[in-house]
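So the chains spell out like this:
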Amino acid sequence: MSGAIVILGVFVADTAYRAERAPRMGETIMGSSFKLGPGGKGSNQAVAAARLGADVAFLTRLGDDPFADMALKTWSDAGVKPLVTQDPESYTGAAYIFVEETSGDNAIIVCPGAAASIAPSDVEARAQEIGNASVFMTQLEQPMDAAHRALAIAREGGGATILNPAPAADLADGMLDLCDYVTPNETEAEGITGLPVASLDEARKAADALVASGAGAAIVTLGERGALFHTPDRSVHVPAFDAGAVVETTGAGDAFNGGFAAALADGTDPLDAVRFGCATAAISVTRPGTAPSMPSRPEVERLLEDA
Ligand code: RIB
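Residues numbered from 1 in each chain as written. Predicted model: local features only at pLDDT ≥ 70, side-chain atom pairs only at ≥ 80, totals over all residues. Heavy atoms only, no water.

1. A look at the site of the ligand
The environment of the ligand is made up of 13 residues, and the closest members are D14, K41, N44, E141 and D254. One of the side-chain N or O atoms of K41 is found 3.0 Å from an oxygen atom in the ligand. Those elements that place two or more of their residues in the shell around the ligand are strand 2 (12-19), helix 1 (41-51) and strand 7 (106-113). Taken together, the residues of the shell around the ligand break down into 4 nonpolar, 5 polar and 4 charged. (Near = heavy atom within 4 Å. Polar contact = N/O pair within 3.5 Å; in protein donor to acceptor, adjacent residues only side chain to side chain. Helix = DSSP H or I, 4+ residues; strand = E, 2+ residues; numbered from the N terminus. Nonpolar A, V, L, I, M, F, W, Y, C, P; charged D, E, K, R; others polar.)

Okay, here's the thing in structure tokens:
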């Protein structure tokens, strides 16, 4: 049976610049292309899960401007239910994304705009939806106190709780105790634990530290090496899927998290949900953009069957 997913997070308009390299301070370089599109980690995750057929609601704050219109259209097209407050005194955020021409890798600056003022009171106003969710997921682009409060409400409601700790930050005391799953990438796992995460063995040690700090399971996403699923009882490396040539890796973590949440909401075993997330991410990196690169369920199922 499929349950509802509630995601707390940020929408921003992604402004993506492709170039051979990033400019140095004080330097101007020529890029090869520019694209404007929907982004923000939480919104991307909501679009990914909805494209996979999940029942998804997204809790955030927007301004009242053309980027807010882009957000509302993106969610309407994907089938995401908006739980949104619009603040005409503020603005809808934007992200600068540098995409390296040769590798498709990226570097990002996010300005969340109105979403930077998401407060615990916004979350409490949606306590019913969060408490009834079968899966609740959040990240760290909005203020941490709101994420912390929402995780507490979701835990009380009995749904599965996921913290995607992106971008990395020092977590509030007791926050990991509220997480059934914490899903950092290698950089975020290093930032949170203070341990190096270059090899699989090192990822295991960092995952151990996250579990020792209270998370039910740590899932460290490893880019082209897949993901590590780590609990106190088992530690399994899930290799990445090959869905074709890599065009852009921006949003791959969001694709993973959206896929993982959608599979969990379907009642899938967590390790198989990690496989589903990896397959979702593998397809997303073969396409440009973040939210627009999220695959449909038949595409993901085909990749899983072929593998
Ligand atoms: O994870 C990718 C996302 O991070 C981009 O869409 C960008 O908006 C930043 O939030």
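2. Observations concerning the nonpolar core
Residues I5, V56, Y181, F260 and V274 are the most contacted members of the largest nonpolar core, which totals 52 residues. In terms of residues, this core owes the most to one element, helix 9 (residues 270-284), which gives 9 residues. Those residues in contact with Y181, other than ones at most four positions away along the chain, are A160, T161, I162, L163, A217, I219, F229, F260, L264 and P270. Within the second largest apolar cluster, 44 residues are counted, among which are A57, A154, C179 and V197. (Core = buried A, V, L, I, M, F, W, Y, C linked by side-chain atoms within 4.5 Å. Buried < 20%, exposed > 50% of the residue type's maximum accessible area, 1.4 Å probe, protein only. Contact = heavy atoms within 4.5 Å.)

3. Quick word on the environment of A116
Relative to the helices and strands, A116 is located in the loop between strand 7 and helix 3 (120-124). Residue class for A116 comes out partly exposed when judged on its relative accessible area of 42%.

4. Considering the environment of L59
In this fold, L59 is placed in strand 4 (residues 55-62). Judged by its relative accessible area of 5%, L59 falls in the buried class. Separated by 17 residues in the primary sequence, L59 and G42 have C-alpha atoms spaced 8.9 Å apart. Ignoring sequence-local partners within four residues, the contact set of L59 consists of I7, L8, G9, L83, D122, V123, R126 and I130.

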